[in-house]
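In case you want the letters, here they are:
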There are 4 protein chains.
Amino acid sequence: MRQQSFRTMPPAHPFDDDKLKEECGVFGVIGLADAANFVALGLHALQHRGQEAGGIVSYDPVTGFQSARRFGYVRDNFTKASLMETLPGSLAIGHVRYSTAGSKGQTAIRDVQPFFGEFSMGGAAIAHNGNITNAEALRRELIEHGSIFQSSSDSECIIHLMARSFQKTIPERMKDALRRVEGAFSVVAMTRTKLIGVRDPLGVRPLVLGRIGDGWVLSSETCALDIIGAEFVREVAPGEMVLISPEKGVESFHPFERRASRFCIFEHVYFSRPDSILGGRSVYETRRQIGIELAREAPVEADLVCPVPDSGTPAAIGFSHESGIPYGMGIIRNQYMGRTFIEPTEQIRNMGVRLKLNVNRALIAGKRIILVDDSVVRGTTSRKIREMILDAGAAEVHFRIASPPTAWPCFYGVDTPQRDKLLASHMSEDEMRDYLGVDSLKFISLDGLYRAVGEVEGRNNRCPQYCDACFSGEYPVAPSDMIQKGFQTKAAE
Amino acid sequence: MRQQSFRTMPPAHPFDDDKLKEECGVFGVIGLADAANFVALGLHALQHRGQEAGGIVSYDPVTGFQSARRFGYVRDNFTKASLMETLPGSLAIGHVRYSTAGSKGQTAIRDVQPFFGEFSMGGAAIAHNGNITNAEALRRELIEHGSIFQSSSDSECIIHLMARSFQKTIPERMKDALRRVEGAFSVVAMTRTKLIGVRDPLGVRPLVLGRIGDGWVLSSETCALDIIGAEFVREVAPGEMVLISPEKGVESFHPFERRASRFCIFEHVYFSRPDSILGGRSVYETRRQIGIELAREAPVEADLVCPVPDSGTPAAIGFSHESGIPYGMGIIRNQYMGRTFIEPTEQIRNMGVRLKLNVNRALIAGKRIILVDDSVVRGTTSRKIREMILDAGAAEVHFRIASPPTAWPCFYGVDTPQRDKLLASHMSEDEMRDYLGVDSLKFISLDGLYRAVGEVEGRNNRCPQYCDACFSGEYPVAPSDMIQKGFQTKAAE
Amino acid sequence: MRQQSFRTMPPAHPFDDDKLKEECGVFGVIGLADAANFVALGLHALQHRGQEAGGIVSYDPVTGFQSARRFGYVRDNFTKASLMETLPGSLAIGHVRYSTAGSKGQTAIRDVQPFFGEFSMGGAAIAHNGNITNAEALRRELIEHGSIFQSSSDSECIIHLMARSFQKTIPERMKDALRRVEGAFSVVAMTRTKLIGVRDPLGVRPLVLGRIGDGWVLSSETCALDIIGAEFVREVAPGEMVLISPEKGVESFHPFERRASRFCIFEHVYFSRPDSILGGRSVYETRRQIGIELAREAPVEADLVCPVPDSGTPAAIGFSHESGIPYGMGIIRNQYMGRTFIEPTEQIRNMGVRLKLNVNRALIAGKRIILVDDSVVRGTTSRKIREMILDAGAAEVHFRIASPPTAWPCFYGVDTPQRDKLLASHMSEDEMRDYLGVDSLKFISLDGLYRAVGEVEGRNNRCPQYCDACFSGEYPVAPSDMIQKGFQTKAAE
Amino acid sequence: MRQQSFRTMPPAHPFDDDKLKEECGVFGVIGLADAANFVALGLHALQHRGQEAGGIVSYDPVTGFQSARRFGYVRDNFTKASLMETLPGSLAIGHVRYSTAGSKGQTAIRDVQPFFGEFSMGGAAIAHNGNITNAEALRRELIEHGSIFQSSSDSECIIHLMARSFQKTIPERMKDALRRVEGAFSVVAMTRTKLIGVRDPLGVRPLVLGRIGDGWVLSSETCALDIIGAEFVREVAPGEMVLISPEKGVESFHPFERRASRFCIFEHVYFSRPDSILGGRSVYETRRQIGIELAREAPVEADLVCPVPDSGTPAAIGFSHESGIPYGMGIIRNQYMGRTFIEPTEQIRNMGVRLKLNVNRALIAGKRIILVDDSVVRGTTSRKIREMILDAGAAEVHFRIASPPTAWPCFYGVDTPQRDKLLASHMSEDEMRDYLGVDSLKFISLDGLYRAVGEVEGRNNRCPQYCDACFSGEYPVAPSDMIQKGFQTKAAE
């Protein structure tokens, strides 16, 4: 009875629901005593990449492989001495994930990574950021040959492919497995003696290498190096596999055919933390630069530039710097908003929006407001914010969006709605402006975005420097499972 | 064994530990179905006033008084249908509190308000924001006469004084009781038929009245009216008692001798939310104005103005506006930092600082930085931030503090360290600058602060418009329990 | 919603529901290191006297009074090192209680004893077995004079009466308080230096004194002395108060007017454990003797004597010994039946009976069975057992009951149904036999029961040796609260 | 820290530790709405076969396969509506298990059955009672071929063997798999449409078929049919596989070579519940008959026959019937003893024995006592009981044991100590008597035991009618994994 009512409830977070969501963060450490503690800190710093659940596997010669997987924040689980004591050893990897609503039931803890497999030459654990676009075909094939899957995760294919490889070592088996896999993947894995990192040939998802004392670190982002005081060494290169051990240090391999890289441009716009460095560029500075580009491309006379907190803040600062229009906090975010505010009654549910944001009425009233947001997905949130701003007495509302229109779903490890739910898939910029009911609406151009990330010539249309499929519909890897299910790519349309 | 290790641990939040902490928020609703749901939302909006625990009491003619008290955030407890169903009725009050470290043990749930008492004419529940400065003397007297205390809270005195009053009605008994009480109090209480609000004669703590449909609301701050869509009516006046019922509306009484009000000026500086309105003034705007005053009083040549997030942000924006120096996010706050990050090992404990904040290195490196913070308490945090900023390669670090030096403890409902722990109690501004190791350190002047809150003439030293005891040492109500324990007021020094 | 369904559910234990229930057990220790651990063991041995909740208060000069109260079994709560470490000291008392269905909600933990009060001369904790028959009148009076009750327990009156006494010491205040109290009480209490035991003038509930090493013990029953290896010293006498300290040993006082004692005869029949000694008599042996008396009073030709497990077992053994009819286990009890089997569906709920008991078909089939049970309350269980036995193919079913017909409710600390729910209140023995549908039904006579407890002359009707109000309707203390509510005693009928 | 102290603690249950333990019970239902509810009841009745954990898998066409696995008693988990609602459908199977101390950690929930596998033709779940004696060899082989094990359970082999079979249907694959398996197994399994039961060719473990309404039931014992009101149909025959569906009813197959059956004789002595019927014989009656045989084989003059509760009770009754010596409850068992009494201090730990049993001193003192127990394993418990009895003043203590000396470990699904820990492996009866310190000690003879189970000629030594390896050392299936590890069978000695 009670469960039913949960299911029929509207999403708990009206706002979060209208964002694209990175699905994972990965982190690994070798060569440091109590490695799992460092992994916990690293995952805490990567929590924005996945808030639903986390897992850590550690290895110690005495206790063997140990694992713990939990729903909820890292800080609420992997900080208890009683739990951390069960994860001894100087080698550990971890994973945070976002899981789609509803699967967080009884058995879904099985879907929480890292995954572990016992092979004849010993065990291995693996954590995966990205998405395997041919996972369903692989799974069917593996089941036909006698593999038994324990989760509904696409990532589990990798461990079964490794189990069936005829190679003699785990790294070689991993190469075998990953060569069969299509899509985007940044993998952190471990055997009893080695920490392993791999990025797919296009390098869609980030993965960086750090050093701390005698130990080595792999992380999705540099901000997680900072939290443990590790030094940034370099990015793992697209298509590279690194094997790391205290004895031999970092050994580099290139098991895949070389291709031009296509890093996800949306990591710059929204997914990564502003204090991370991606491809040698400060994410904060890139976002401020997007604001500057936006102010140049789409200027407007107004009294105040306000961010939609918190993700719109750096671009709003940039917009203010470039335009000279004062910057102010027109919308205040409730710091105590968590993932799980369940509205108890119909009456209150309709107030949902105010649980997270409140308008700073005194600042807004009577002014012409420029609102800077990172993206428009379904448009539901933007409409509500416009309403709140006008209720508070704003004279005009101008939206400036720090990314081009999101018109295509992502199949490389980001949770996006189906194509027809994306506002930009069926509306022009003017139609969206009217739908949102604002005085003006402007998105940064794709070229403007490329300039903001440092490509002074803008986008190279013959050979784009980034994966921008969510804006352009040009998928660098054909999403074969989805195509089989009837998805029409741009070319097919 | 394990408990011991908790006790010997350094505070979990190195930063929070160096703030003054408001100890409570109160909220009450009458005349709305499912009043407890509204109270839960109101308390969620007041969570910044007390994060350790919360409680709600509701009244329904069928079930009588019902109560629930919980440790942890409102959103994690008072949002579950199974709990909220136990709190029926159209009349409810609630309380959030901060409890001092260590008392959050087995029995301390008893200390969580609202308190409830059964009198011969029926029951009453009471929630209290503030501090009773003669509570210990009252408690001794009450125990001698046979009262049995259930908590260690000073607020419980009120309910025992009410129980012993000879008055025939609960409001009259409350007047009797509060006339015996010294100190600061904003009280929200309820009988079976009435919602009651009272402020002490000086009006040290805030309390506002709102209206929503046919219902009435009492709240510590206006931001909690916004979350439920209630309209702000007016502040409860210093020394006023309001009795609210659906039938008679708001009845106003003045049970105390009239005195000039002394509202807490630190509510403007730090405690209240920036989107609240205090005394007709936007808190955000006041803080921005403090930044402007600071820029005038203590200008410095620099490249970037950065807030210490999040409380320093509006003043930093004001400083930037006035000085023309660009505003930027030099320090990034981890959004997933909760109250309960327990560092598992010595090794990691020393990294404590980075759990909450990270420096945006790319922005800071090589620049002269102005850091705007709301206050300096012990100075421990300020030292760590300076260290982080210099590690990241800043050329110069200039601190600008949005309040005068905090040299005296507060006894009116704020958690402050003992006087000798307050840096400003034994150091001059120059000594503090050297201690913190920064290139310059400037506090706003007391007059500057008064100007920022709208007193164009500054502070009226003969008859100060606000309670500023934490800065001036001038206590508007003698803290008699503390004096008995040997505390020396400024006059006594 | 879900709560509702609990409320409308039939009782979880169809069998237990048809028993009278002792409401409490008390235990205290002084002069032994880690006294709370001994109290936990003692309460475990007294668990049959109260299964819903338990509490322990300890005192240590460093930590002061510490308390823990929990729902559930002693073994599930008071055995965890993490909890027991919070209860240091060489002086501790504890309590187990049965709470009526439905009150086990959010706030009812308040009703779990021991109760604690802070007086001007120090604190005291008190645990009470029994029932105060003028509690409601006392409560009204106390509230009128300003006492604030925290629980709905009648026992809380004692602590408020003590708080209001003008005596200078806690034991003197306790005498003052208990002289105002009517009803049955065996009290174990503690100050900072003394363990205190008191029994009401009639000595209705048991209380024994034991010794272990240099320490002293008070306990409801001797079986709880055995578990900690303590030696039985003597019973606390009816109307006696003992003050125990390591220095002075046991000091004895008689604060009440002396009266002839009236110990509860049902303690012999059912409440106490068979391995306890009551009034110098083995409970097991008394019950076996009841079986012998029954076999003499109500013989019947049959093939097998079966107990209704487990409480009917000793009487069944006695019946077999006397009659020569073989003893057998015709009904098997499921050892894993707990308190909380909640039947999930209508369909299954109707099978409720089989959750706890199963018939040993092979033994029963074709035989004439004598079933020996301890009592008949509502008769619901007896009907079901008869049905199970006949379904299994028994040729005849003869009930023999080890107590006289239970026709009157108990007001001295036993949970009994209202009078009209007691089968014997409105049916003769023959009517009950027909209602239960058995071939014969015989209760032991009141005189037979008195003989079994050693009164060779049977009951002294002018001055009965025991309290047997549940059988005779002769209440040794007038139940004044109940009379005020309209209860008609036998005399009044 | 705390965990360490758990590990170094002596076993929580001094008594239980000295019993052989059945490792599993299985139960399945098809053709009844809310089948999982019936399975929960069945598992509750089978709880004595495994107390550590339980699991249920159900299938419903809408929700597919659903599963829940929990540590703890059935009544504490599988009775909550919120959990049972997640297990819809008219087809379900379940399992209770005993798990060895220490493995009940974070990940061991993986070891809780039923196991589930997704095959290309659909899923299947399987629950297993018994032990696979070549499981380690099979596991090695399967891992070498790419299977990934998720548990440390021997039973998981079956599901991997099924996954790798080339057969087209799940039942055929199960036959394939079970033909590779050596040892003892009673399996209950399910596909989307069928309930499946299989017993190994020797029929070592029990499995019975029942009928209720239109539905069918499989269960380890008949007592679990009784609890849901199902009718006993017949035993599944040794070596038989039954496929059950509502449409076709019960289809019978014999996939294995036929052999003479060897049912476990210890099921009669101890494992099964006294109210179950095994091989057409009442377990209670068999045990009573053992007592009669014992009284004939090893008579002794004495005053009282006492069982060691509860398992010795029927044999004690039989001994009393045959010898004419009165039966009495000399030892009283604490009904509230659970699995998890953790003794908090050294001091108290030494009292461990009294937590579970107490001597009925008044009955024992001065008497010559015959104690009837089911078995002697390590002898530790027997020594403690002798001590308690003598402390209580018994004049003589005579042990009579309802099974022959347990001299060999079981490898067919029973938890036994290593051979050298078994008292009877290295002591004669006389040596054991002296070691236990009793006046006499007699075990029933192997022939006497066979007579008690109805073999009037006693044991057929050339072709024993039962598996009695624990007494005789004659293993009907060579324990190949153990032999590989160096175990010496009797023949090899």
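As the structure is a computational prediction, the values presented were derived from the model and not from experiment. (Residues numbered from 1 in each chain as written. Chains lettered and ligands numbered in written order. Predicted model: local features only at pLDDT ≥ 70, side-chain atom pairs only at ≥ 80, totals over all residues. Heavy atoms only, no water.)

**Q** Explain the overall build of chain A here, please?
**A** If you tally the helices and strands in chain A, you get 18 helices and 25 strands. Over its C-alpha trace chain A gives a radius of gyration of 23 Å, about what one expects of a compact globule, namely 23 Å for 493 residues. Structurally, chain A occupies a C-alpha span of about 70 × 55 × 50 Å along its principal axes. Considering only contacts within chain A whose residues lie at least 6 apart along the sequence, 68% involve residues at least 24 apart. For chain A, the distance from the average site of its 57 positive side-chain charges to the average site of its 60 negative ones is 3 Å. (Helix = DSSP H or I, 4+ residues; strand = E, 2+ residues; numbered from the N terminus. Rg over C-alpha atoms; globule rule 2.2 N^0.38 Å. Contact = heavy atoms within 4.5 Å. Lys, Arg positive; Asp, Glu negative; His and termini not counted. Charge placed at Lys NZ, Arg CZ, Asp CG, Glu CD.)

**Q** Hey, could you run me through the interface of chain C and chain D in this one?
**A** For an interface, size is often stated in terms of accessible area lost upon the parts coming together. With 61 residues of chain C in contact, the opposing surface of chain D contributes 61 residues. Here chain C and chain D share an interface that buries about 5300 Å² over both sides, 61% of which is from carbon and sulfur atoms. Here chain C is connected to chain D by one salt bridge. Asp226(D) is the partner of Arg361(C) in a salt bridge, and the nearest nitrogen-oxygen pair spans 4.0 Å. Where chain C packs against chain D, one counts 16 residue pairs in polar contact (both at pLDDT 80 or more). With five residues, helix α2 (residues 35-45) of chain C is the single largest residue contributor to the side of chain C that touches chain D. Tallied by class, residues from the side of chain C that touches chain D come to 29 nonpolar, 20 polar and 12 charged. (Buried area = accessible area lost by both parts, 1.4 Å probe. Salt bridge = Lys/Arg side-chain N within 4 Å of Asp/Glu carboxyl O. Polar contact = N/O pair within 3.5 Å; in protein donor to acceptor, adjacent residues only side chain to side chain. Nonpolar A, V, L, I, M, F, W, Y, C, P; charged D, E, K, R; others polar.)

**Q** Looking at this model, I keep getting lost on the pairing of strand β13 (residues 241-245) of chain D. Mind explaining?
**A** The side chains of a regular strand alternate, residue by residue, between the two faces of the sheet. Residue and element names in this part refer to chain D. Burial within β13 is extensive, with five of its five residues counted as buried. What you see with β13 is no split at all: Met 241, Leu 243 and Ser 245 on one side and Val 242 and Ile 244 on the other are buried throughout. Bridge count for strand β9 (residues 195-199) against β13 is four bridges, and the pairing is antiparallel. From the neighbouring strand, Gly 197 faces β13, where its bridge partner is Val 242. Bridging between β13 and strand β14 (residues 249-253) involves five bridges; their strand directions are antiparallel. Counted as the bridge partner of Ser 245 is Gly 249 from β14. (Buried < 20%, exposed > 50% of the residue type's maximum accessible area, 1.4 Å probe, protein only. Pairing = 2+ DSSP bridges.)

**Q** Can you walk me through the environment of Arg180(D) in this structure?
**A** Looking at where Arg180(D) falls in the secondary structure, it is placed in the loop between α7 (170-179) and β8 (183-190). Taking C-alpha positions, Arg180(D) is 8.9 Å from Ile158(D), a pair spaced 22 residues apart along the chain.

**Q** Explain the UniProt feature "binding site: [4Fe-4S] cluster" (unreviewed entry) in chain A here, please?
**A** Residues and elements named next belong to chain A. As recorded in UniProt, the feature "binding site: [4Fe-4S] cluster" (unreviewed entry) lies at Cys 264, Cys 410, Cys 467 and Cys 470. Look at the named residues: they lie 207 residues apart in sequence, but the longest C-alpha span between them is just 10.1 Å, so in the fold they bunch up. Along the chain, Cys 410 falls in the loop between β22 (396-401) and β23 (414-415). With a relative accessible area of 16%, Cys 410 lands in the buried category. Mapped onto the fold, Cys 470 is located in helix α17 (residues 469-472). Cys 470 sits in the buried class, given a relative accessible area of 9%. (UniProt positions renumbered as here; feature names shortened; annotations may be inferred.)

**Q** Help me understand the relation of the copies chain C and chain D in this model?
**A** One copy of the chain maps onto the other through a rotation about an axis followed by a shift along the same axis. Of the transformation placing chain C onto chain D, the axial shift is 0.0 Å and the rotation is 180°, giving an RMSD of 0.1 Å. Considering both components of the superposition, the chain copies are consistent with a two-fold axis. By C-alpha distance to the rotation axis, the residue of chain C lying nearest is Gln335(C), at 4.0 Å. Here 100% of the contact residues of chain C are again contact residues in chain D; the copies associate through an equivalent surface. (Least-squares fit on C-alpha atoms with pLDDT ≥ 70 in both.)

**Q** When you look at the pattern of salt bridges in this model, what are you seeing that I'm missing?
**A** Pairing is possible between side chains that carry opposite charge, provided their charged atoms lie close to one another. Residues and elements named next belong to chain A. Under the counting rule described, the total for this entry stands at 98 salt bridges over all chains. Residue Glu 322 pairs with Arg 296 through a salt bridge whose shortest N-O separation is 3.2 Å. Of this pair, Glu 322 sits in helix α11 (residues 313-323) while Arg 296 is found in helix α10 (residues 283-297), placing the two residues 26 residues apart along the sequence. Put simply, Glu 293, Arg 296, Glu 297, Glu 322 and Arg 451 are held in one network by salt bridges that share partners.

**Q** Please clarify how the sheet that holds strand β2 (residues 24-30) of chain D should be interpreted in this entry.
**A** What links the strands of a sheet is backbone hydrogen bonding, and the strands pair in either a parallel or an antiparallel sense. Residues and elements named next belong to chain D. In space, the seven strands of this open sheet follow the order β4-β3-β5-β2-β11-β10-β12, with antiparallel pairing throughout. Whereas interior strands pair on both sides, the edge strands pair on one side only; in this sheet they are β4 (64-71) and β12 (231-235). On average, adjacent strands in this sheet sit at an angle of 15° to one another, irrespective of strand direction. Relative to β4, strand β3 (residues 53-60) runs antiparallel, the two sharing eight bridges. (Axes fitted to C-alpha atoms, helices over the stretch in contact; angles between N-to-C directions.)

**Q** How should the sheet that holds strand β24 (residues 440-443) of chain D be read in this particular structure?
**A** All names here are of chain D. As summarised here, the arrangement of the four strands in space is β18-β21-β22-β24, forming an open sheet in which the pairing is parallel. Strands at the two margins of the open sheet, each flanked by one partner only, are β18 (304-307) and β24. Averaged over all pairs of adjacent strands, the angle between strand axes in this sheet comes to 20°, irrespective of strand direction. In the sheet, β18 pairs with strand β21 (residues 368-373) via four bridges, with the strands oriented parallel. Across the sheet, the residue bridging to Pro 307 is Val 372, located in β21.

**Q** Just checking my understanding: could you explain the side chain of Ser472(D) for this structure?
**A** Residues and elements named next belong to chain D. Within the secondary structure, Ser 472 is located in helix α17 (residues 469-472). Of note is the side chain of Ser 472, whose polar atom sits 2.8 Å from the side chain of Asp 468. Those residues in contact with Ser 472 that sit more than four places away from it in its chain are Trp 408, Leu 446, Arg 459 and Lys 490.

**Q** Any chance you could explain α7(D) here in plain terms?
**A** In an α-helix there are 3.6 residues to a turn, and that puts residues three or four apart on one side. Residues and elements named next belong to chain D. Taken across its 10 residues, α7 has seven buried, putting it largely inside the fold. Ile 170, Pro 171, Arg 173, Met 174, Lys 175, Ala 177 and Leu 178 are the residues of α7 that are buried. The N-capping residue of α7, defined by a side-chain oxygen 3.2 Å from the backbone nitrogen of Glu 172, is Thr 169.

**Q** How should I be thinking about the packing of helix α6 (residues 156-164) of chain D against α7(D) in this particular structure?
**A** Each pair of packed helices can be summarised by the angle the axes make with each other and by the distance between the axes. Residues and elements named next belong to chain D. With their axes 8 Å apart at the nearest point, α6 and α7 run at an angle of 120° to one another. Looking at the two axes, α6 sits oblique to α7. As α6 runs across α7, the sense of the crossing is right-handed. Facing Ile 158, Leu 161, Met 162 and Ala 163 of α6, the residues of α7 in contact are Ile 170, Arg 173, Met 174, Ala 177 and Leu 178. Residues of the contact of α6 with α7, tallied by class, amount to eight nonpolar, no polar and one charged. (Parallel < 35°, antiparallel > 145°, perpendicular 65-115°, else oblique. Left-handed = near helix turned anticlockwise from the far one by under 90°.)

**Q** Even after reading the chapter, I still don't get the pairing of strand β4 (residues 64-71) of chain B, so can you show me in this structure?
**A** Extensive coverage of β4(B) is indicated by the burial of six of its eight residues. In sequence, strand β3 (residues 53-60) of chain B turns back onto β4(B) through a hairpin of three residues.

**Q** It is not clear to me how the environment of Val217(D) should be interpreted in this structure. Could you clarify?
**A** Residues and elements named next belong to chain D. Within the secondary structure, Val 217 sits in strand β11 (residues 215-219). Considered as a pair, Val 217 and Val 29 are 188 residues apart in the sequence and their alpha carbons are 4.6 Å apart. Apart from the residues within four sequence positions on either side, Val 217 is in contact with Phe 27, Gly 28, Val 29, Val 208, Leu 209, Gly 210, Ile 212, Leu 225, Ile 228 and Ala 230.

**Q** How do you make sense of the environment of Leu363(C) when you look at a structure like this?
**A** Position of Leu363(C) relative to the elements: it lies in helix α13 (residues 361-364). For Leu363(C), a relative accessible area of 7% gives the class buried. In this structure the C-alpha to C-alpha distance between Leu363(C) and Ala392(C), which are 29 residues apart in sequence, comes to 9.2 Å. With residues near it in sequence (within four places) discarded, Leu363(C) still touches Leu304(C), Gly328(C), Met329(C), Gly330(C), Tyr284(D) and Glu285(D).

**Q** In this structure, what is going on with the confidence of the model for chain A? I would like to understand it.
**A** Regions with low pLDDT carry predicted coordinates that are not meant to be interpreted in detail. All names here are of chain A. Mean pLDDT over chain A: 90, with 91% of residues reaching 70 or higher. A low-confidence stretch, residues 1-16 stays under pLDDT 50, and its non-local contacts, those more than four residues away or across chains, total 32 contacts. Residue range residues 100-107 is modelled with pLDDT below 50. Its contacts to residues more than four positions away, or to other chains, number nine contacts. Two numbers describe this predicted complex: its pTM, 0.88, and its ipTM, 0.89. (pLDDT = per-residue confidence, 0-100.)

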